[in-house]
Amino acid sequence: MSTLIKPEVLAPAGDRERLEAAIQYGADAVYLGANRFGMRAGAPNFSYEELQSAVAFAHSHHVKVFLTCNTLPRNDEMAELPDFLKSVAACGVDALIASDIGVLSLIKKYLPDMEVHISTQAGIVNYVTADTFYHMGAKRVVLARELSLEEIAAIRAKTSPDLDIEVFVHGAMCVSVSGRCLLSNYLTARDANRGECAQPCRWAYHLVEEKRPNQFFPIFEDEKGTHILNAKDLCMIEHIDKLVKAGVTSLKIEGRAKSSYYVSVVTNAYRCAVDCFMKDPEHYQPEQWILDEVTKVSHRQYSTGFFFGTPENGQYYLNGGYLRNYDVVATAESYQDGLLTVTQKNKFSVGDLLEVLEPSKPPFSLKVEAIYEESGEAVEAACHPLMQVKIPCPRAVERGGILRRQQAE
């Protein structure tokens, strides 16, 4: 490659726990929302006080914080927006993510020095639009998910090199262009363009003939109907070299509503994959354990989305549920004299075979030979949520390390 760009690993942070997980497991930057104007109304999000503390914590670890302001605000909300913008700016965020041109204009008016990223909700699919946003003051564009690598490369070639290009590389895919969907609003009065999506694309559907309103005909050869709108999840971890070659500067992981375990594992996988890429960019091939990690979180079947052209097999029709094969049983606290102190998350017992995951390291297996309560008494199982116990371990484990158990098949 003529010019090697180390891509940014951008992780979701739905709350403080997930923010800390993203930072510990290798994110270069996180994106999060305040209590208003963000596209994830279902996530806990951050109050102003929490946001200020979160930004200080992230900056102390040299991690940037991008705040979402990417809903489509209505008339009665616009008067409140200037004060909101000033308040989140005072918390020290590094950039605001916007999709609405009016919101962009207010950001530039009240916060002329604030870095602005244009959300994927803006549906940017060509270089003219990307360049226009750049000249309107945007530092970064988050491209629509419907673009191929060739189209991304063309946008890169015909826009300013000072414009950052960000794309989603992992997580849930929407059936609608750039996530701009009306289904939820029609069926449940929950507006997807205001962060309230009920995800009706994951539901099962049947065919109904208008004169037979109570007769439901399967669209697919399955008595349960078909999940005709259900997109597979996106996963591009095997193709980071191609993304960078196309000009992508930020690799965005979807999932502000996902668990801290999901954030930890997926962020760690992409952190290790990027580091692997940097070691030998011309012959990128991530180690198998890195590829395996993204299958150890709750997920739908994976695809590569539109990056290699229109998906030939991008939908999953049998059900709308997730694949989940591991449970978190504990997190590491401290290590002394061959004993690892952990905080229990789910019940585990003597004899269980666990897997231990730490930042930037392959997981290792650990059989639970014994469990000791804080009093030193040996017990057969850790049964109580958040109880601290000690288990024998051959080596120290970083605080926050994850202990997980594979589910029985």
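Note that the coordinates shown come from a computational prediction; the quantities given were computed from them, not determined experimentally.

Trainee: What's the story with the sheet that holds strand S14 (residues 339–344) in this structure? I'm lost.
Mentor: Sheet strands line up and pair through hydrogen bonds in the backbone, either parallel or antiparallel. The strand order across the open sheet formed by 8 strands is S17-S16-S22-S13-S14-S21-S18-S19, and the pairing between neighbours is antiparallel. The sheet is open, and its two borders are formed by strand S17 (364–367) and strand S19 (378–379), each paired with just one other strand. With 4 bridges connecting them, strand S16 (residues 353–357) and S17 associate as antiparallel partners. Note on S17: the bridge partner recorded for valine 356 is phenylalanine 364. Along the sheet, helix H10 (residues 260–279) contacts strand S13 (326–336), S16 and strand S22 (402–406); its crossing angle with S22, the most-contacted strand, is approximately 95°.

Trainee: Hey, could you run me through the nonpolar core in this one?
Mentor: The nonpolar side chains of soluble globular proteins are, as a tendency, buried together. With 97 residues, the main nonpolar core has Val30 and Tyr270 as its most contacted residues. Looking at which element gives the most residues to this core, the answer is H10, with 12 residues. Sequence-distant contacts of tyrosine 270, defined by excluding residues within four places in its chain, comprise Val9, Val169, His170, Cys235, Met236, Ile237, Ile240, Ile253 and Val294. The next biggest cluster of nonpolar side chains, apart from the first, holds 20 residues, and it includes Val356, Ala382, Cys393 and Leu403.

Trainee: Looking at this model, I keep getting lost on the packing of helix H4 (residues 81–90) against helix H5 (residues 101–110). Mind explaining?
Mentor: When two helices pack together, their arrangement is given by the angle between the helix axes and by the axis-to-axis distance. As a packed pair, H4 and H5 sit with axes 10 Å apart at the nearest point and diverge in direction by 60°. Here H5 runs oblique to H4, going by the angle between their axes. When the axes of H4 and H5 are compared, the crossing they make is right-handed. Taking contact as the criterion, the partners of Leu81, Pro82, Leu85 and Lys86 in H4 are, on H5, Val103, Leu106, Ile107 and Tyr110. Partitioned by chemical class, the residues of the contact of H4 with H5 number 7 nonpolar, no polar and 1 charged.

Trainee: Sorry if this is basic, but what is going on with the packing of aromatic side chains here?
Mentor: Note on aromatic pairs: each is described by the distance of the centres and the angle between the planes. Considering all chains together, one arrives at 2 aromatic pairs under this definition. Look at tyrosine 48 and phenylalanine 84: their rings are 6.4 Å apart centre to centre, the planes differ by 50°, and that puts the pair in the tilted class. One end of the pair, tyrosine 48, is in helix H2 (residues 48–60); the other, phenylalanine 84, is in helix H4, with 36 residues separating them in the sequence. Classification of tyrosine 48 by relative accessible area gives partly exposed; the value is 36%. Measuring from ring centre to ring centre gives 6.1 Å for phenylalanine 277 and tyrosine 284, while their planes differ by 75°; the resulting arrangement is edge-to-face. By relative accessible area, which is 0% here, phenylalanine 277 ends up buried. A cation over an aromatic ring shows up here: lysine 252 above the ring of tyrosine 31, its NZ or CZ 4.4 Å from the ring centre.

About the thresholds
Residues numbered from 1 in each chain as written. Predicted model: local features only at pLDDT ≥ 70, side-chain atom pairs only at ≥ 80, totals over all residues. Heavy atoms only, no water. Pairing = 2+ DSSP bridges. Helix = DSSP H or I, 4+ residues; strand = E, 2+ residues; numbered from the N terminus. Contact = heavy atoms within 4.5 Å. Axes fitted to C-alpha atoms, helices over the stretch in contact; angles between N-to-C directions. Core = buried A, V, L, I, M, F, W, Y, C linked by side-chain atoms within 4.5 Å. Buried < 20%, exposed > 50% of the residue type's maximum accessible area, 1.4 Å probe, protein only. Parallel < 35°, antiparallel > 145°, perpendicular 65-115°, else oblique. Left-handed = near helix turned anticlockwise from the far one by under 90°. Nonpolar A, V, L, I, M, F, W, Y, C, P; charged D, E, K, R; others polar. Phe/Tyr/Trp six-rings, centres within 6.5 Å; stacked < 30°, edge-to-face > 60°. Lys NZ or Arg CZ within 6 Å of the ring centre and 35° of its normal.

Functional significance is not addressed by these values, which are geometric in nature.
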